[in-house]
Amino acid sequence: MKKKLVYTIIIIINLVLINASFNKKTQDNTLIEERTIPFNELFNQKEKKYLVLVYSSTCIACRDTLKIINAQIIKKNLIIFGINTNEDAINYTTHYFSNIGKSKSEEVYIYSTPTLFFIAEATIQKEVRGFDNIRKENLYIFFEENILICYN
């Protein structure tokens, strides 16, 4: 009788842990997805300073970047929006050039995902493109440099 009870408790605990693990895995992108905006609204946000991540929900590097950004959203209460290229019409380019200084969405071209923009006064001030450039260390530095600007 005691053995049955112990086995039952162990099974219940395992089920709870598996369920919690599954929920965490499926919620990796939740925070940024709650703040998704259309590409043509890139510069039309009420905030004067904010970050925008352009990503693809089918891109593995983007998913890794989303995990880092979601952690920073929680930690620093960032003003950040997401644009999912799988759900929106995006201006793509095969030529690499800078979007710094652009202030209209029709002028902004996406070379690769993920791409992170810092926008202030409806103009792109900084950008980081592609997974090779958005590494954990660089992303934290990017946030540290720009978070102070966002909230000043």
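In what follows, the structure referred to is the one given above.
Residues numbered from 1 in each chain as written. Predicted model: local features only at pLDDT ≥ 70, side-chain atom pairs only at ≥ 80, totals over all residues. Heavy atoms only, no water.

### A short note on the sheet that holds strand 4 (residues 123–129)
Strand pairs in the sheet, formed through backbone hydrogen bonds, run parallel or antiparallel to each other.
Moving on, step 1. Pairing is mixed in the open sheet, where four strands are placed in the order 2-1-3-4. Because the sheet does not close on itself, it has two edges, and the strands there are strand 2 (80–84) and strand 4. Ignoring strand direction, the axes of neighbouring strands in this sheet form an average angle of 20°.
Moving on, step 2. Both strand 1 (residues 49–55) and strand 2 contribute to a ladder of five bridges, which runs parallel. From the neighbouring strand, leucine 51 faces strand 2, where its bridge partner is isoleucine 80.
Moving on, step 3. Lying on the sheet, helix 3 (residues 60–76) is in contact with strand 1, strand 2 and strand 3 (115–120); it crosses strand 1 at an angle near 155°. (Pairing = 2+ DSSP bridges. Helix = DSSP H or I, 4+ residues; strand = E, 2+ residues; numbered from the N terminus. Axes fitted to C-alpha atoms, helices over the stretch in contact; angles between N-to-C directions. Contact = heavy atoms within 4.5 Å.)

### Section: helix 3
Because an α-helix packs 3.6 residues into every turn, residues spaced three or four apart end up facing the same way.
Moving on, step 1. Compared with the 24 Å implied by 1.5 Å per residue over 17 residues, the 24 Å span of helix 3 between its first and last C-alpha is a close match.
Moving on, step 2. Buried within helix 3 we find Ala61, Cys62, Thr65, Leu66, Ile68, Ile69, Asn70, Gln72 and Ile73.
Moving on, step 3. Positive backbone phi, approximately 55°, marks asparagine 77, located one or two places after helix 3. (Expected span 1.5 Å × (residues − 1). Buried < 20%, exposed > 50% of the residue type's maximum accessible area, 1.4 Å probe, protein only.)

### A closer look at the pairing of strand 2
Note on strand geometry: in a regular strand, side chains alternate between the two faces of the sheet.
Moving on, step 1. Burial of strand 2 is extensive: five of the five residues sit out of reach of the surface.
Moving on, step 2. Burial along strand 2 is two-sided: Ile80, Gly82 and Asn84 facing one way and Phe81 and Ile83 facing the other are all buried.
Moving on, step 3. Taking the sense of rotation as the criterion, the β-α-β connection linking strand 1, helix 3 and strand 2 turns out right-handed. (Right-handed = clockwise from strand over helix to strand, strands pointing away.)

Honestly, that's just the spatial picture; any functional story needs more than this.
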